[in-house]
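# Architecture and fold: a report
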2 protein chains.
Amino acid sequence: MQIKVLKNVMIKNDAIGNDNRGRLNHHKVYSLNITSSPGAGKTTLLENSLKQISKKYRAAIIEGDLYTSRDAERLTGHNVPLIQINTEGGCHLDARMISGALNELDLNNLDVVFIENVGNLVCPASFDLGENIGVLVYSVTEGEDKPKKYMPMFSGADVILINKVDLASVCKIDLDKLEAEIKEINPKAKIFRISATEPKTLTKWNTWLDEQIGEYKKS
Amino acid sequence: MQIKVLKNVMIKNDAIGNDNRGRLNHHKVYSLNITSSPGAGKTTLLENSLKQISKKYRAAIIEGDLYTSRDAERLTGHNVPLIQINTEGGCHLDARMISGALNELDLNNLDVVFIENVGNLVCPASFDLGENIGVLVYSVTEGEDKPKKYMPMFSGADVILINKVDLASVCKIDLDKLEAEIKEINPKAKIFRISATEPKTLTKWNTWLDEQIGEYKKS
């Protein structure tokens, strides 16, 4: 009984996710679903990537949090539309929440929407939001051994940003070993090594993202 | 409909949790439910606390993971009974899983069972396992701002171990500020500052735990 209900929840989520995808595609709005454990650096990444991307593209943010609007407050300085979703304890964003947030955005005047998911390395893997790409931010402080332990998040991501690489040596993390395990699970993922607090380490990622948005807009 | 089903899941979980509590109490086995985000240091804590606690008490471990038995393998050297639970993608341990694990342990010959939950700072908060105390391990690398963002995990814990304090300065974390926010949410929680990789920083925690187990055995 429980399993059947959960399956229905998933089928419904995926249907709404597909509607979101169609709607975003109709308006040529590129979308990213950014996931990670708590405190792995999603908001810091957004702060610094937005500075670059919003020079060229009209961006918006959908911000997911259990209760507070702390992340949203950190992002208000960028002067882009920002929709806060509070899940009231819920462990992930779902497609219906995103559908509601899209109602609040002027999609005709947007090129890209960044969705920051709830900090959780398990549950968001199961919920398609309708995004173009899934971006997993993984902090080296979480250890070398997590890709296989938290497989669905690693195998489902299109891009994996290995963050806080400046802490790798103090945390005794072998970045090559970590990256090799990620590739074993997900050979197709695009991987970048970054320190989200250091904007210069984001250049390759920002350039790649810029190109993706450009190609999408032309397609 | 979905909410009703979820409520039933919770009621059932709490009933089984109470059964677990009664069963552990009958055998005078003290139990800890150890939670955290992925990579915050639960297993390292266990490795080093077990060395101390198992000198005096007969300990066992119940190890929760999505898929692998990597954490369990790290703990086999301690020569204590160890039950691995793989949730197959599930985001938390529940009371029924623990009930099954207790069937595999010789409760008459145990004093304490350490339950290591799945790495997740959201979902485990909702599932009583029947434990005596909930222990939240929080890594400073996750930031100062998480207690209010992930409130249920912080408000529900009996003990909060602030871990990786050796990384506080490099991560620009003000430990007093972090601790003040925790106390605002949960004034009753016992708080210890530790570096789980450095056994000497665990002395106060281990001594406190030793006393708790001793009092419980006498009660």
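As a convention, each chain's residues are numbered from 1 in the sequence order in which they are written. Working convention: letters from A go to chains and numbers from 1 go to ligands, in the order in which they are written. Local features in a predicted model are, by the rule used here, given only for residues with pLDDT of at least 70; side-chain atom pairs are given and counted only at 80 or more, and totals for whole chains, interfaces and linings are based on all residues. The basis for the side-chain values is all heavy atoms of the structure; hydrogens and waters are excluded.

### Considering the sheet that holds strand 4 (residues 112-116) of chain B
Residue and element names in this part refer to chain B. For clarity, the threshold we go by: Any two strands between which DSSP finds at least two bridges are classified as paired. Note on conventions: DSSP H or I runs of at least 4 residues are helices, E runs of at least 2 residues are strands, and numbering of each starts at the N terminus. The convention used is that axes are lines fitted to C-alpha atoms, helices contributing only their stretch in contact, and that angles between N-to-C directions extend from 0 to 180 degrees. Here, two residues are considered to be in contact whenever any of their heavy atoms come within 4.5 Å of each other.
Spatially, 3-2-4-1-5-6-7 is the arrangement adopted by the seven strands of the open sheet, whose pairing is parallel. Edge positions in the sheet fall to strand 3 (82-86) and strand 7 (190-193), since each of these pairs with one other strand and no more. On average, adjacent strands in this sheet sit at an angle of 20° to one another, irrespective of strand direction. In terms of strand pairing, strand 1 (residues 30-35) meets strand 5 (residues 133-139) through four bridges, oriented parallel. Looking at the pairing, T35 lines up with L136 of strand 5. Taken strand by strand, helix 2 (residues 42-56) contacts strand 1, strand 2 (59-65), strand 4, strand 5 and strand 6 (159-163), and its axis lies near 170° from that of strand 4. Contacts from helix 7 (residues 175-185) reach strand 5, strand 6 and strand 7, with the element oriented near 165° to strand 7.

### Some thoughts on the packing of helix 2 of chain B against helix 8 (residues 203-218) of chain B
Residue and element names in this part refer to chain B. Rules: Note on angle classes: values under 35 degrees are labelled roughly parallel, values over 145 roughly antiparallel, values of 65 to 115 roughly perpendicular, and the remainder oblique. Here is the rule for handedness: rotate from the far helix to the near one, and if that takes an anticlockwise turn smaller than a right angle the crossing is left-handed, while a clockwise turn gives right-handed. Following the grouping adopted for this structure description, the nonpolar residues are Ala, Val, Leu, Ile, Met, Phe, Trp, Tyr, Cys and Pro, the charged ones are Asp, Glu, Lys and Arg, and the polar ones are all others, Gly among them.
Remark: helix 2 packs on helix 8, axes separated minimally by 10 Å, with the N-to-C direction vectors making an angle of 45°. Between helix 2 and helix 8, the angle falls in the class oblique. Of the two elements, helix 2 crosses helix 8, and the hand of that crossing is right-handed. In this structure, helix 2 uses L45, N48, S49, Q52, I53 and K56 to contact helix 8, whose residues at the interface are W205, N206, L209, D210 and I213. Looking at the contact of helix 2 with helix 8 residue by residue, the classes come out as five nonpolar, four polar and two charged.

### Focus on the interface of chain B and chain A
What counts here: Here's the idea: put two parts together, see how much 1.4 Å probe accessible area each one loses, and the total over both is what we call buried area. The salt bridge criterion pairs a side-chain nitrogen of Lys or Arg with a carboxyl oxygen of Asp or Glu, the two atoms within 4 Å.
Tallying the contact residues gives 37 residues for chain B and 37 residues for chain A. Between chain B and chain A, a total of about 2900 Å² is buried, with carbon and sulfur atoms accounting for 62% of that surface. Among the residues chain B hides against chain A, the three largest losses belong to P38(B), R70(B) and K149(B). Together they make up 22% of the total. Summed over the shared surface of chain B and chain A, the result is six salt bridges. Notably, a salt bridge pairs K149(A) with D65(B), separated by 3.4 Å at the nearest N-O pair.

### Quick notes on the relation of the copies chain B and chain A
Quick note on the threshold: Alignment of copies: least-squares fit on C-alpha atoms of residues with pLDDT of at least 70 in both copies.
Least-squares fitting of chain B to chain A yields an RMSD of 0.0 Å, with the transformation described by 0.0 Å of translation along the axis and a rotation of 180°. The superposition operator between the copies reduces to a two-fold rotation axis. Comparing interface residues between copies, 100% of those in chain B also lie at the interface in chain A; the contact surface is shared.

### Some points on helix 7 of chain B
Defined as follows: With a 1.4 Å probe rolled over the protein chains alone, any residue whose accessible area is under 20% of its type maximum counts as buried; one over 50% counts as exposed, and the rest are partly exposed. Starting at the helix axis, one direction is taken to each C-beta atom, and the arc is that of these directions.
Turning to helix 7 of chain B, its buried residues number three or more, namely L175(B), L178(B), E179(B), E181(B), I182(B) and I185(B). An end-on view of helix 7 of chain B places all buried positions within 160° of arc, on one side of the element. Exposed residues on helix 7 of chain B whose side chains face more than 90 degrees from its buried face are D176(B), K177(B) and E184(B). In this structure, the buried side of helix 7 of chain B is in contact with helix 3 (70-75) of chain A together with strand 5, helix 5 (146-149), helix 6 (151-156), strand 6 and strand 7 of chain B.

### Digging into the pairing of strand 6 of chain B
All names here are of chain B. Within strand 6, five of the five residues are buried, which leaves the element mostly enclosed by the surrounding structure. Here strand 6 shows no split at all, with V159, L161 and N163 on one side and I160 and I162 on the other all buried. Where strand 5 lies against strand 6, five bridges are found, and the strand directions are parallel. Residue S139 lies in a different strand from strand 6, and its bridge partner there is N163. Note that strand 6 and strand 7 share four bridges and pair parallel. Within the sheet, the bridge partner assigned to L161 lies in strand 7 and is F192.

### Concerning the pattern of salt bridges
Considering all chains together, one arrives at 31 salt bridges over all chains under this definition. The salt bridge partner of K149(B) is D71(A), with a shortest N-O separation of 2.6 Å. Placement of K149(B) in helix 5 and of D71(A) in helix 3 is noted, with the two residues assigned to different chains. D71(A) sits in the buried class, given a relative accessible area of 2%. A salt bridge links K148(A) to E184(A); its shortest N-O distance comes to 2.7 Å. Pair noted here: K148(A) is in helix 5 (residues 146-149) and E184(A) is in helix 7 (residues 175-185), with a separation of 36 residues, a long-range link. The class of K148(A) is partly exposed, set by a relative accessible area of 24%. The exposed category is assigned to E184(A), whose relative accessible area is 56%.

### What about the side chain of K42(B)?
Residues and elements named next belong to chain B. Filter applied, for reference: For the purpose of charge, His is not counted, nor are the chain termini; Lys and Arg are scored as positive and Asp and Glu as negative.
Counting through the fold element by element, K42 comes out in helix 2. Despite its burial, K42 pairs with no opposite charge, the nearest such side chain being E116 at 4.2 Å. Setting aside residues up to four positions removed in sequence, K42 forms contacts with I34, T35, S36, S37, E116, N117, G119 and V137.

Functional significance is not addressed by these values, which are geometric in nature.
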